[in-house]
Amino acid sequence: MIVNFAERAHNHNWELDPVIRSLLDTDFYKLLMLQFIWKHYPKTRVSFSLFNRTSSVRLADMFATREIVEQLEHVRRLRFRKSELVWLAGNTFYGHRGIFQPEFLEWLEQDFKLSDYALTVKDGQFHLSFDGYWPETTMWELYALSIFDELRTRAGMKKLSEFDLDILYARAKTKLWGKIERLRGVPHLTVADFGTRRRHSFLWQEYVIKAMASNLGTGFIGTSNAFLAHKHDLEAIGTNAHEIPMALAALADDDQALKASQYHVLDLWQRTYQGSLRIMLPDTFGTTQFLKSAPDWTADWTGQRMDSKNPYVAGDEYIEWLKTRGCDPRDKLVIASDALDVDEIIGLHAYFGGTLQAGSTPHDLRSAADFQDPQRWVPGRRIRFSAGWGTLLTNDFRSCNPQGGNEFDPISLICKVSDVEGRPAVKLSDNYAKALGPASEIERYRRVFGTAGMANVPLVA
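Okay, the nonpolar core next. Of all hydrophobic cores here, the largest spans 139 residues; its most connected members are Leu88, Phe100, Leu108 and Trp389. Element by element, the count of residues in this core is highest for helix α7 (residues 140–157), at ten residues. Once residues within four sequence positions are removed from consideration, Trp389 is found in contact with Lys179, Leu183, Val191, Ala192, Asp193, Phe194, Gly195, Met212, Leu340, Asp341, Val342 and Ile345. If you look at the next biggest cluster of nonpolar residues, it comprises twelve residues, including Leu258, Phe285, Tyr445 and Phe449.

What follows is the structure, given as structure tokens:
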């Protein structure tokens, strides 16, 4: 069924329209990390903090604290459904059945709960934090981000007439179709939806993935959203994120243990999942230093996700590192996931998936027809490439508002682990602008890990 978005928004008149419909409405990697945390760190206390990096957007002026509390309390009352637990238990993920242990699934069914939270307002911004045992706090991240994103969307829609809403969604659908049309038929392209954390709304994300699945065929390989993967029989995509290396680094007792913690995470992860799900995320404290000091066994991993570094540079760096370790890069995988849109996806696919001919650049290839021209591009991958398409897939309403303005433009909301057992958590990133943590600790981490290969790049939502 195609949703009439304009009519649904215009007729929105019930007391609570839940943003989160299921505890499975989260990124798949959160469930994988939750099992890891449940197994190894069940009594570790952590805090998460949500804040708005787009400070010019005053969220507290857009909707009331009461609306957030209602949504958070609704999520706390949810429980995993039997059908969802059966899916987690019996489905095949990444070619393996039984990734989730029976004891873990029993804990999800009987004992899983979400921690309490603290919500305040200061200078036009909400400040939301979660404190408790790690298994009780970690899942709040995606739920909270989705709630804030969708409440902002609803606040903007309340200012529009039904006709305005119809135009808004007609323009967004046209924009989405234009992107899909450019990707259709591009040889060997693989794209996944990574857009849960910054989505316009749940229903729009669902519409987007159905459109992608219907029109890209095997080029659309799945979604990071576990609920939508379950509902629509799609592949659930995801492995791990910055949260775990940040937490284990905070637990390190000295600088030597701090430097080693980034590899201890990977060793513990591969032992937990018996050699499966081996995609590295090396940019938590800087990719260049990570690869320089990485143990030999890390070269056996399937590939890496490139987050905050220029993906062309990061991919080339990984290819050269693999060669020095005696590995054929063509057998490995790089996943780009930061601020991607259709131009970048096509360009990266052209760059890593074949050979650009004389005079051609990655950005010269615009559609499937360009890949058929041997004067511009010849197939033959240097490394396997896949795109994790996020914000600008599920929340690209830029210039769609018939009343003008940027009220529906995506913003940069984040929810990250802020301290572990009373110690501050830090993320350096390959982008200076994304560093998180107290200034003194960021300085210490940069002294320990160095700053090689890092850049200062403006943030994109």
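Glancing now at the sheet that holds strand β4 (residues 117–122). One open sheet accounts for five strands, arranged β4-β5-β1-β14-β15; its pairing is antiparallel. At either margin of the open sheet sits one strand with a lone partner, and together these are β4 and β15 (423–424). In terms of strand pairing, strand β14 (residues 413–420) meets β15 through two bridges, oriented antiparallel. Within β15, the residue paired with Asp419 across the bridge is Pro424. Contacting β1 (45–52), β14 and β15, helix α11 (residues 243–250) runs over the sheet at an angle of about 25° to β14.

Right, let's get into the side chain of Glu150. Within the secondary structure layout, Glu150 lies in helix α7. Overall, Glu150 belongs to the buried group, its relative accessible area being 7%. Apart from residues no more than four positions distant in its own chain, Glu150 is found in contact with Val19, His200, Ser201 and Phe202.

Structurally, Gln403 can be placed in the loop between α17 (391–394) and β14. A sequence separation of 244 residues divides Gln403 from Lys159, and the C-alpha atoms of the two residues are 9.4 Å apart. Not counting residues within four places of it along the chain, the set of residues in contact with Gln403 comprises Lys159, Leu160 and Asp164. Of the polar contacts made by the side chain of Gln403, one reaches the backbone oxygen of Lys159; its length is 3.4 Å.

In this structure the tally under the stated criterion is five cavities of 30 Å³ or more. There is about 140 Å³ of room inside the largest cavity. Every residue lining the largest cavity is counted, 13 residues in all, and those nearest its centre are Pro245, Gln262, Val265, Leu266 and Leu281. For the lining of the largest cavity, the elements supplying multiple residues, two or more each, are α11 and α12 (255–272). Top contributing element to the lining of the largest cavity by residue count: α12, with four residues. Class assignment for the residues of the lining of the largest cavity results in ten nonpolar, three polar and no charged. Approximately 70 Å³ is the volume attributed to the second largest cavity.

What follows deals with the pairing of strand β7 (residues 220–223). Here strand β6 (residues 191–193) runs beside β7; their pairing, made up of three bridges, is parallel. Bridging across to β7, Asp193 finds its partner in Thr223. Between the parallel elements β6 and β7, the chain passes through helix α9 (residues 202–216) in a crossover that is right-handed.

With that settled, consider the packing of aromatic side chains. Each aromatic ring pair is characterised by the separation of its centres together with the angle its planes make. With the rule as written, the count across this model stands at 33 aromatic pairs. With a centroid separation of 5.9 Å and an interplanar angle of 85°, the aromatic rings of Phe93 and Phe100 are classed as edge-to-face. Accessibility classification places Phe93 together with Phe100 in one group, the buried group. Centroid distance Trp204 to Phe397: 5.1 Å. Interplanar angle 65°. Geometry classified as edge-to-face. Taken together, the residues Trp204 in helix α9 and Phe397 in the loop between α17 and β14 connect sequence positions 193 residues apart. On the accessibility criterion, Phe397 (1% relative accessible area) is buried. Here a set of aromatic residues connected by ring pairs shows up, and it is made of Phe28, Trp38, Phe80, Trp87, Phe93, Phe100, Phe104, Trp107 and Phe112. Of note, Arg382 hangs over the ring of Tyr351, and the distance from its end group to the ring centre comes to 4.7 Å.

A few words on the pattern of salt bridges. In total, this model carries 36 salt bridges according to the counting rule given. When the shortest N-O distance is used, the salt bridge between Asp17 and Arg154 registers 3.5 Å. Here Arg154 lies in helix α7 and Asp17 lies in the loop between α1 (5–10) and α2 (28–40), a separation of 137 residues in the sequence. With relative accessibility at 12%, the residue Arg154 sits in the buried group. We note a salt bridge from Asp316 to Arg382, for which the minimum N-O separation is 3.1 Å. Here Asp316, found in helix α14 (residues 311–324), pairs with Arg382, found in the loop between β12 (377–379) and β13 (384–389); they are 66 residues apart in sequence, far enough to count as distant. The network of salt bridges with shared partners includes Asp27, Lys30, Glu141, Arg197 and Glu243.

Packing of α11 against α12 leaves a shortest axis separation of 9 Å and a crossing angle of 130°. Put simply, α11 runs oblique to α12. With respect to the hand of their crossing, α11 and α12 are arranged in right-handed fashion. On α12, the residues touching Ile244, Pro245, Leu248 and Ala249 of α11 are Leu258, Ser261, His264, Val265 and Trp269. Classifying every residue of the contact of α11 with α12 gives seven nonpolar, two polar and no charged.

Conventions and cut-offs
- Residues numbered from 1 in each chain as written.
- Predicted model: local features only at pLDDT ≥ 70, side-chain atom pairs only at ≥ 80, totals over all residues.
- Heavy atoms only, no water.
- Core = buried A, V, L, I, M, F, W, Y, C linked by side-chain atoms within 4.5 Å.
- Buried < 20%, exposed > 50% of the residue type's maximum accessible area, 1.4 Å probe, protein only.
- Helix = DSSP H or I, 4+ residues; strand = E, 2+ residues; numbered from the N terminus.
- Contact = heavy atoms within 4.5 Å.
- Pairing = 2+ DSSP bridges.
- Axes fitted to C-alpha atoms, helices over the stretch in contact; angles between N-to-C directions.
- Polar contact = N/O pair within 3.5 Å; in protein donor to acceptor, adjacent residues only side chain to side chain.
- 1 Å grid on protein atoms, 1.4 Å probe; cavity = no way out; pocket = protein on both sides within 12 Å on 5 of 7 lines; lining within 4 Å.
- Points joined across faces, edges and corners; volume = space filled by probe spheres on them.
- Nonpolar A, V, L, I, M, F, W, Y, C, P; charged D, E, K, R; others polar.
- Right-handed = clockwise from strand over helix to strand, strands pointing away.
- Phe/Tyr/Trp six-rings, centres within 6.5 Å; stacked < 30°, edge-to-face > 60°.
- Lys NZ or Arg CZ within 6 Å of the ring centre and 35° of its normal.
- Salt bridge = Lys/Arg side-chain N within 4 Å of Asp/Glu carboxyl O.
- Parallel < 35°, antiparallel > 145°, perpendicular 65-115°, else oblique.
- Left-handed = near helix turned anticlockwise from the far one by under 90°.

Keep in mind that these numbers describe shape and distance, not what the molecule does.
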